[in-house]
4 protein chains.
Amino acid sequence: MVGGGTGSFFASYHRAAMRLSGRWDLVAGAFSSDMARSVASGSALGVAPDRVYRDADALAEGEAGRPDGARTVAVVTPNALHFEQCKVSLERGLNVICDKPLVNELEEAWTLHELAKRKGVFFGVTFTYPGYPMVREARSRIARGDLGRIKFAYAEYLQEWVAEDPRNLGAKGGSWRSDPNVAGPTGTMADVGTHAQSVLEFLLGTPIEAVSARLSTSTGRAIDDRAILMLRFSEGTEGLIWADQALPGHRNGLRVKVAGETATLEWRQEAPETLWIGTLGGADQILHRGQKDMAPEAMSYVTFPAGVPEGYLEALGILYADFADAVETPDQPGPFEVPDIVYGLRGVALCEAALTSNGKGGAWTPVGIGNRNGTA
Amino acid sequence: MVGGGTGSFFASYHRAAMRLSGRWDLVAGAFSSDMARSVASGSALGVAPDRVYRDADALAEGEAGRPDGARTVAVVTPNALHFEQCKVSLERGLNVICDKPLVNELEEAWTLHELAKRKGVFFGVTFTYPGYPMVREARSRIARGDLGRIKFAYAEYLQEWVAEDPRNLGAKGGSWRSDPNVAGPTGTMADVGTHAQSVLEFLLGTPIEAVSARLSTSTGRAIDDRAILMLRFSEGTEGLIWADQALPGHRNGLRVKVAGETATLEWRQEAPETLWIGTLGGADQILHRGQKDMAPEAMSYVTFPAGVPEGYLEALGILYADFADAVETPDQPGPFEVPDIVYGLRGVALCEAALTSNGKGGAWTPVGIGNRNGTA
Amino acid sequence: MVGGGTGSFFASYHRAAMRLSGRWDLVAGAFSSDMARSVASGSALGVAPDRVYRDADALAEGEAGRPDGARTVAVVTPNALHFEQCKVSLERGLNVICDKPLVNELEEAWTLHELAKRKGVFFGVTFTYPGYPMVREARSRIARGDLGRIKFAYAEYLQEWVAEDPRNLGAKGGSWRSDPNVAGPTGTMADVGTHAQSVLEFLLGTPIEAVSARLSTSTGRAIDDRAILMLRFSEGTEGLIWADQALPGHRNGLRVKVAGETATLEWRQEAPETLWIGTLGGADQILHRGQKDMAPEAMSYVTFPAGVPEGYLEALGILYADFADAVETPDQPGPFEVPDIVYGLRGVALCEAALTSNGKGGAWTPVGIGNRNGTA
Amino acid sequence: MVGGGTGSFFASYHRAAMRLSGRWDLVAGAFSSDMARSVASGSALGVAPDRVYRDADALAEGEAGRPDGARTVAVVTPNALHFEQCKVSLERGLNVICDKPLVNELEEAWTLHELAKRKGVFFGVTFTYPGYPMVREARSRIARGDLGRIKFAYAEYLQEWVAEDPRNLGAKGGSWRSDPNVAGPTGTMADVGTHAQSVLEFLLGTPIEAVSARLSTSTGRAIDDRAILMLRFSEGTEGLIWADQALPGHRNGLRVKVAGETATLEWRQEAPETLWIGTLGGADQILHRGQKDMAPEAMSYVTFPAGVPEGYLEALGILYADFADAVETPDQPGPFEVPDIVYGLRGVALCEAALTSNGKGGAWTPVGIGNRNGTA
């Protein structure tokens, strides 16, 4: 693990999810740019002292050189550091799992993509929300045609923390996310807008092709705290993303709605155990995670029976299990897309296109990850 | 009343709301372009046979000429007929209450506005939703600063009926709404988009100044069944309207959310008895209509105690009581704005601006009702 | 109308519902025991001065003696007055509509029942809640077997007003309800417990046969403010009623749940537009009033389309329309039971049985309306 | 661990919760009465072969005899086996954590209680629901008087699985719960009724003193599938428990509501992240787990920030952390009661009293755990 020293916000969840999945052991780390803190963190986490490293480079070198070395590096640092840390890990032939958003420039993302390909390793990106069983249920139902042809996809991702007095946000807890030098050229767009994108693209099985965007701030911070994106997918499907991180009364309010010709479904991250389906002129249906009417491939990710609440940890654990499968049996893909570097590339591409569109007064702008080598 | 013969969809609600308000009597009508139907409707409604007229013109002439003649004409016909019917009524010095959207062109709206002004009569437009007590409560709370400075306003208006097989929609029940020759150049934009606008402008007390719009159809009908509008209000407040009438599982899904610096409120038309307020880092509050924590001016519109559900009829009755006040005591305005011809003008202006913006690929377009005589 | 002078709480709703039904005209009244107030109320309500009476007796005599006299008397006074007022009206051959609870003793209820029978007139009791369309939908679904054989029926009726400082309750607004000399020997049991009973018996189509009851007070008032009733219906169906009027945070919280072998349904008075159905191992269904999947006989009571909220007024209007049908076409019963004097009798019988059971430490006690003449 | 071989239903959750708490290691087990299965389970769970035992007795003997032996035994077998297995473990001086309901007779429970006391070891009982942070928040608010004096406490625990065709229930998955020889003399009463009890007693901080009960079956199984209990707590507080395991459409529907003089709170296990508080005449409040308005002692159990859903696993993990504290620092009690053998005793006592009351037609019956040695 690179990053994630004591006190860091999300890294502890990642470790709990790895443990819950039963598929990963934390054996080495470069937990902090401060070597003393890194050592202390390693000790607290049960990592052998000789496997606590100064930085990602040293870690990659050290582990690649051990017969029992780690095969996969998880990068959980601020966005601006991702590129170099992922690159040195890939160069040593290690699999990489990187936090989102991947990097700040499409060019960098492509470099990583090609490097991973050349080395034949897996590159996962922790877009967590496709890990929820009811998001998978939704994907199954869309794919098998329960809604008819898809016409529209909506996602909102509403939070309030940016509206807080910045002095209440610790450096580890979020203030770096408002600094364009660390967070990158977009704020909310990259931070949660790309999460919304990942869920919509996972559900539809098709990428966003064009965007008309408005990025703005209502708090005066140097980067956007609000992003509104009108979307075009393939085959005439349209969409809308509303991401806002300065909306009082909202915690982690990701809500998606996908509408087809005959039915619409809706899922909310804060009530992740149910899936709402509304039908044309008929009764609404509320599906519950774990019940026998789930699609078998979605059901296979269920741990607790219906009525015994699962949450974020289980979803992230599912994602880490997917990553383990992708590393161990890369030629046996599971029933659902695993958020990998292509998801990362698309996230960067949407951020770039949104910036462009916003700069041109909302002009429709294509969102392509390109094909540097005809791949992707 | 002009229009609203037997079988017409909304006219019967208007009549029930008039009765409920206790402020209006239906004494004359031109209920149908077919005189026999008009006579039959009048008979069923208890209107004297000599006060059933061939058309709006005859009605205005007939009633204006009677000492006991009606003083106000309610126009509840399809959009394309509004202009002429309102005009002849105003010319005879009658007050007018017209269904929304008012007319299809800003030029026409201005003509009516000036005519009403010259004749010194009242011109109301039936934007119903500001009639709900909890919308008024929301307005009071916004106006007195409960949310802090307003940063963002959202409205969605989601319906499903356009996704139905058109053969299931009777001519009276809705099919004319898909015909641009009757409904006008925009469909969903005018039909429910202007409702969303009216609620947002009522709540904020300030008009939309610019729009970036996408109008589209997912059903193939000749006019839009979906309208997405990014909005700019004055003083940096931004907004978003998502209107869609082909979204399965949605009936009359108007939902508004207004966010300030410290709190956000949300109201849903299908659960109109409560108002949700979310605060920065604190508990959500659910306010109930009729409780003692309501603002006094909003409380004054409450009939039933909390827990005894009121609905659409009471809201429309409140609007008709407002209209009665505006007619009877024009110099004593009540505590809330009454949806009048300025609301009508703004609706037409937003439709025009949205068409323009959509035609220019979402370019930001000003939304002004202009000032033909420096008024408004 | 007997009772219901200016300022009275529920009488104004009754009058609005009568108007909404379009089936009743208010032509005479004894609105107050104070003749001056009665005259003033009559004047405000548009009743001719010569048809405003001193009391129920005078009203019955006066109207029965007119060729154009009222045929039906609505009694909306406190409980203790019902018996005499209903009796004199019935003796003059007038139909009676009386507020619930009917009277305080089964003996009195039987006297009224027999009198109505002998005179051949209709006697309705305003148990409002069976008037809601979605309660009727629930009845239709239970009757046609959608839930399988019924196993259990639950109702809660939770309010808070008794927990208020009594000084905040006006004499008209509720304080008489805590006075056993006016309200009768039971408080909450009679006031809302019988409402809960009426809905359960309407839904199941079968009466309560035995009860184990606990009546108590948590406020120290002279009569119960809480009633918990374990129930036995016929054929092994059991049930539970929890009524409490001193429960802070609850307004008019009637909620019913009926469970069969394969499905359970639930309806809430404060969200009356939907009906929840939960199935064994499957998705929940949310039915909406006005949609095409409603039972035709329930649909026939719908006014507004789905998504346009109806409320209490519409439900009470449906009840008054039922009463009009029962008066006008007594030999053509409608598709649903009309709350009549048998409902009134059962309410009184349950109150008596609950008092008995409570006095015996919760002993199971039969609930029979008896058969004074082998009728009922 | 005693019990919990491969395929057992709840044992795997217990193990995941132990891991999540970071406070427990599984080092030994008697996982099955079938030694081959036990060995296989041990192997799958990473337990050394020499620490897989034939039965609880052998385990207690073996581990007590090792210098590195387990200090605590977790008993996760069917109810009828608990007594002997706990007894042999206690006799060897081991701490015990036992699944609920503890045993079937109060006499047995007292024997265990005294044995634990004599040996000076901890005896925990896995009443999970007090582990939820928002249940702790509720307890804090009740204890500090936010609701005023407590008047009433309600719990419902509604499930559907007993209504399923018994052939769909595997032996491990639930069918033993319907067999009185294994499950004990009460079914639903013991299985989920005692859970409801534990939450109410945890919230109120005071035990149930008397009960009027109705136990019945609607499925024909040999023991109750429904239990309705009217309750008396100390100081005039009353209560109600409705437990039903044959109610279609309900999964794990534990809902509690506690009412005081000025406010009422409600918590639902299937939406465990929020706490509803209704106030007299005021707005409802929805509290969210993890927000800064939580009581500090409840907040200390929060892992994820508000909006990142926690579930059952986290609650059970908190319980296991409590157990670890009780074992490690028995003289430093935490801020909340730990469900221990007194909770177990009370559960058994309520089952016995409910059976007695039911046998006497609902007669009020005292619920005492007695004081075999003046303890408890």
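This section reports on the structure supplied with the text. Quick caveat: nothing in here was measured; it's all calculated off a predicted structure.

So, about the interface of chain B and chain D. Listed as interface residues are 12 residues of chain B and, on the opposing side, 12 residues of chain D. Summing both partners gives a buried area of about 930 Å² for chain B against chain D, and 44% of it is carried by carbon and sulfur. Three residues, G281(B), A283(B) and D284(B), lead the burial of chain B against chain D; their summed loss comes to 44% of the area buried on that side. The interface formed by chain B and chain D holds 0 salt bridges in total. Where chain B meets chain D, there are 10 residue pairs in polar contact (both at pLDDT 80 or more). Pairing between strand β11 (residues 284-288) of chain B and strand β11 (residues 284-288) of chain D: 3 bridges, direction antiparallel. Of the residues in β11(D), the one forming a bridge with Q285(B) is Q285(D).

Let us look at the relation of the copies chain A and chain B. Here chain A sits on chain B after a turn of 180° about the axis and a move of 0.0 Å along it, with an RMSD of 0.0 Å. Such a combination of turn and shift is consistent with a two-fold rotation axis. A share of 100% of interface residues in chain A that are also interface residues in chain B marks the association as one of identical surfaces.

Among covalent bonds in proteins, the disulfide is the one between the sulfur atoms of two cysteines. Under the defined criterion, the tally for this structure stands at 0 disulfides over all chains. Sulfur of C98(C): no disulfide; nearest cysteine sulfur belongs to C86(C) and is 3.6 Å away.

Under the definition given, this model contains 60 aromatic pairs over all chains. Judged by centre distance (6.0 Å) and plane angle (70°), the rings of Y129(B) and Y157(B) are edge-to-face. Taken together, the positions of Y129(B) in the loop between β3 (123-125) and α6 (133-143) and Y157(B) in strand β4 (residues 150-158) put the pair 28 residues apart, joining distant regions of the chain. What makes Y129(B) buried here is its relative accessible area of 4%. One aromatic cluster is present, built from ring pairs that chain together Y13(A), Y129(A), Y132(A), Y157(A), W267(A), Y312(A) and F304(D). Across the ring face of W364(B), the terminal group of R232(B) is positioned such that the distance to the ring centre comes to 3.9 Å.

Residue and element names in this part refer to chain C. Buried residues dominate helix α6 (residues 133-143), accounting for 9 of its 11 residues. Residues of α6 that are buried include every one of P133, M134, V135, R136, E137, A138, S140, R141 and I142, and no others. With its phi angle positive at about 90°, G145 sits one or two positions after the end of α6.

It is worth spelling out the interface of chain A and chain B at this point. Contacts between the two partners involve 46 residues from chain A, matched on the other side by 46 residues from chain B. Surface buried jointly by chain A and chain B totals about 3400 Å² across both partners, of which 58% is contributed by carbon and sulfur atoms. Between chain A and chain B we count 8 salt bridges in total. Note that E156(A) and R255(B) form a salt bridge whose closest N and O atoms lie 3.8 Å from each other. There are 14 residue pairs in polar contact (both at pLDDT 80 or more) connecting chain A and chain B. For the side of chain A that touches chain B, the secondary structure elements donating two or more residues are β4 (150-158), β5 (210-216), β6 (226-232), β7 (238-244), β8 (253-260), β9 (263-268) and β10 (274-279) of chain A. Looking at the side of chain A that touches chain B residue by residue, the class counts come to 17 nonpolar, 15 polar and 14 charged.

About the cut-offs
- Residues numbered from 1 in each chain as written.
- Chains lettered and ligands numbered in written order.
- Predicted model: local features only at pLDDT ≥ 70, side-chain atom pairs only at ≥ 80, totals over all residues.
- Heavy atoms only, no water.
- Contact = heavy atoms within 4.5 Å.
- Buried area = accessible area lost by both parts, 1.4 Å probe.
- Salt bridge = Lys/Arg side-chain N within 4 Å of Asp/Glu carboxyl O.
- Polar contact = N/O pair within 3.5 Å; in protein donor to acceptor, adjacent residues only side chain to side chain.
- Pairing = 2+ DSSP bridges.
- Helix = DSSP H or I, 4+ residues; strand = E, 2+ residues; numbered from the N terminus.
- Least-squares fit on C-alpha atoms with pLDDT ≥ 70 in both.
- Disulfide = S-S within 2.5 Å.
- Phe/Tyr/Trp six-rings, centres within 6.5 Å; stacked < 30°, edge-to-face > 60°.
- Buried < 20%, exposed > 50% of the residue type's maximum accessible area, 1.4 Å probe, protein only.
- Lys NZ or Arg CZ within 6 Å of the ring centre and 35° of its normal.
- Nonpolar A, V, L, I, M, F, W, Y, C, P; charged D, E, K, R; others polar.

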